[in-house]
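# Fold and geometry: a report
Listed here are the chains, written in short residue letters.
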Amino acid sequence: MLLTFGPDRQTREFTCDCCNAPIERAWDFIYADGAPHAVYFANCYHHTDRDHDAWIDVIFGTWGDGPDEWSDHVAFACRVGSVVGQTEPASTLVTAGLAHPDGPLFGLKLDREAALQHPRLSEFWHVSDFILEHDPLVRGHVYGR
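Residues numbered from 1 in each chain as written. Predicted model: local features only at pLDDT ≥ 70, side-chain atom pairs only at ≥ 80, totals over all residues. Heavy atoms only, no water.

With that settled, consider the overall build of the protein chain. The helix and strand tally for the protein chain stands at three helices and eight strands. Relative to a compact globule of 145 residues, whose C-alpha radius of gyration would be 15 Å, the protein chain shows 15 Å and is just as compact. Viewed in the frame of its principal axes, the protein chain has a C-alpha envelope of about 40 × 30 × 30 Å. Within the span of the protein chain, comprising 145 residues, buried residues form 46% of the whole. Counting only contacts in the protein chain whose residues sit at least 6 apart along the sequence, the fraction spanning at least 24 positions is 48%. As displayed, the protein chain has an accessible area near 7800 Å², and 50% of this comes from carbon and sulfur atoms. Measuring between centres, the 10 positive side-chain charges of the protein chain sit 5 Å from its 22 negative side-chain charges. (Helix = DSSP H or I, 4+ residues; strand = E, 2+ residues; numbered from the N terminus. Rg over C-alpha atoms; globule rule 2.2 N^0.38 Å. Buried < 20%, exposed > 50% of the residue type's maximum accessible area, 1.4 Å probe, protein only. Contact = heavy atoms within 4.5 Å. Areas by Shrake-Rupley, 256 points an atom, 1.4 Å probe, with all protein chains shown as cover. Lys, Arg positive; Asp, Glu negative; His and termini not counted. Charge placed at Lys NZ, Arg CZ, Asp CG, Glu CD.)

With that settled, the discussion passes to the side chain of Asp53. Note that Asp53 resides in strand S5 (residues 53-60). On the accessibility criterion, Asp53 (7% relative accessible area) is buried. Side-chain polar atoms of Asp53 contact the side chain of Trp55, separated by 3.3 Å. With residues near it in sequence (within four places) discarded, Asp53 still touches Asn43, Cys44, Tyr45, His47, Arg79, Val80, Gly81 and His141. (Polar contact = N/O pair within 3.5 Å; in protein donor to acceptor, adjacent residues only side chain to side chain.)

The subject of this paragraph is the state of the cysteines. For the structure on display, the rule yields zero disulfides. As a non-bridged cysteine, Cys44 has Cys78 as the owner of its nearest cysteine sulfur, 11 Å distant. (Disulfide = S-S within 2.5 Å.)

Within the largest apolar cluster, 28 residues are counted, with the highest numbers of intra-cluster contacts made by Ile56 and Val58. Where this core is concerned, the elements lending two or more residues are strand S3 (22-32), strand S4 (35-45), S5, strand S6 (74-81), helix H2 (121-134) and helix H3 (136-143). Sorting elements by how many residues they give to this core places H2 first, with six residues. Counting residues in hydrophobic clusters, the runner-up holds ten residues, among them Phe41, Val94, Ala96 and Phe106. (Core = buried A, V, L, I, M, F, W, Y, C linked by side-chain atoms within 4.5 Å.)

A separate point is the pairing of S3. Strand direction decides the pairing type here: strand S1 (residues 3-5) and S3, joined by three bridges, are antiparallel. Bridge pairing in S3 links Thr4 to Tyr31. Pairing between strand S2 (residues 10-15) and S3: six bridges, direction antiparallel. Bridge pairing links Gln10 to Trp27 in S3. Hairpin remark: S2 followed by S3, antiparallel, with six residues in the connecting loop; positive phi at Asn20, about 60°. As defined by bridge partners, S3 adjoins S4 across ten bridges and the pair is classed as antiparallel. Among the inter-strand pairings, Phe29 is bridged to a residue of S4, identified as Val39. Here S3 folds back onto S4, and the loop between the two strands holds two residues, one of which, Asp33, carries a positive phi near 50°. (Pairing = 2+ DSSP bridges.)

This is the structure in structure tokens:
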């Protein structure tokens, strides 16, 4: 499965509620073999009082004309950043959509335990790895390049 970004990648900067530091967000479609496959939102936090990290939400499902077509949506998420005992950033499953309101776009927001059991977990890791490697904002924030 060949993954690519959609044609309309967007970014936005806003302020963190906990420390007033900037948060940079990127989002776009992920295409698989030329067809819409998922949507992602990646928040890159520049905390003043703790490690910088990125939180990535990935939503899988049918991408039709609107919310009436989104009844099968399921959302996964991970935090990417420092982990005690490791020298490189690591990805950890977290509850999906914490920074986003409930609704048809995110569909079923999986928590860590549900995500670990979900049949699309390996697909999520494949997409999140693609984002970490190829989204310039996320890659630069997490890996400094």
